[in-house]
Amino acid sequence: MLPHILKDFNLFGDGNNWQGQIPELTLPELARRMVEYEGGGMEGPIEVDQGNELQEFEWTAGGMIVDIYDSYGSPIHDAAMLRMTGSYESDEDGGIIPVEIVMRGRHKTISMGDASKGDNNQISITTTLSYFKLIVDGEEVIERDVPGFIFKVRGKDRLAERRAALGV
């Protein structure tokens, strides 16, 4: 059995379609912040989950896209809205799995790179995320809204009881 392979993708930024302008993406890592704990009567330490790590989305523009600068330096944590769409395809049966990642955050760095005549002069952007949603074949798999204190996995809100306990 062969895996579904990413055959194509597109990136949209703040409602703009950047089709054909984004040659490379480094998708955000899903990582938990863990701290070691060992109490009396335990055989050894365990790691205690303290929530998600800061997520970053790194991407490259194949040349100048002036819209990228619109939200740069914004005081608002989710000023930049990005949406990646992908088409994962099976080489066994041709079946396609659509994937969508919705992200909101701030552009932390915009590296304008080297400029040379005739080159595409790529720009590298790092966006820190305060919102992340992964949708696979129409199903919301992960949703993370940091200021909203929401963390859902396949529709189950893992912070709902904590929000209720805090009265928020």
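For the structure, check the block above.
The sections below set out a description of the structure shown in this document. Predicted, not measured: the structure shown is a model, and the values here were computed from it.

### Comments concerning the environment of Tyr69
Then comes step 1: Of note, Tyr69 is situated in the loop between strand 6 (55-61) and strand 7 (80-89).
Then comes step 2: Residue classification places Tyr69 among the partly exposed positions, given a relative accessible area of 26%.
Then comes step 3: Placed eleven residues apart in sequence, Tyr69 and Ala80 show a C-alpha to C-alpha distance of 9.7 Å.
Then comes step 4: The contact partners of Tyr69, leaving out residues within four places of it in the chain, are Met64, Ile110, Met112 and Ile123.

### Here we look at the packing of aromatic side chains
Then comes step 1: Counted according to the given criterion, the structure contains two aromatic pairs.
Then comes step 2: Taking 5.4 Å as the distance between ring centres and 20° as the angle between the ring planes, the aromatic pair formed by Trp18 and Trp59 counts as stacked. Taken as a pair, Trp18 in the loop between strand 2 (16-17) and strand 3 (24-26) and Trp59 in strand 6 lie far apart in primary sequence, 41 residues in all.
Then comes step 3: Judged by its relative accessible area of 3%, Trp18 falls in the buried class.

### Details of a negative patch on the surface
Then comes step 1: A cluster of acidic side chains, namely Glu36, Glu38, Glu43 and Glu47, defines a negative patch on the protein surface.
Then comes step 2: Within the fold, Glu47 resides in strand 5 (residues 46-52).

### Comments concerning the side chain of Thr60
Then comes step 1: Within the secondary structure layout, Thr60 lies in strand 6.
Then comes step 2: Its relative accessible area of 9% is what places Thr60 among the buried residues.
Then comes step 3: Beyond its immediate stretch of four places on either side in the chain, Thr60 contacts Gln21, Ile22, Pro23, Glu24, Gln122, Ile123 and Ser124.

What counts as what
- Residues numbered from 1 in each chain as written.
- Predicted model: local features only at pLDDT ≥ 70, side-chain atom pairs only at ≥ 80, totals over all residues.
- Heavy atoms only, no water.
- Helix = DSSP H or I, 4+ residues; strand = E, 2+ residues; numbered from the N terminus.
- Buried < 20%, exposed > 50% of the residue type's maximum accessible area, 1.4 Å probe, protein only.
- Contact = heavy atoms within 4.5 Å.
- Phe/Tyr/Trp six-rings, centres within 6.5 Å; stacked < 30°, edge-to-face > 60°.
- Patch = residues over 30% accessible without salt bridge, like charges linked within 9 Å, V, L, I, M, F, W, Y side chains within 5 Å.
- Areas by Shrake-Rupley, 256 points an atom, 1.4 Å probe, with all protein chains shown as cover.
- Salt bridge = Lys/Arg side-chain N within 4 Å of Asp/Glu carboxyl O.
- Lys, Arg positive; Asp, Glu negative; His and termini not counted.
- Charge placed at Lys NZ, Arg CZ, Asp CG, Glu CD.

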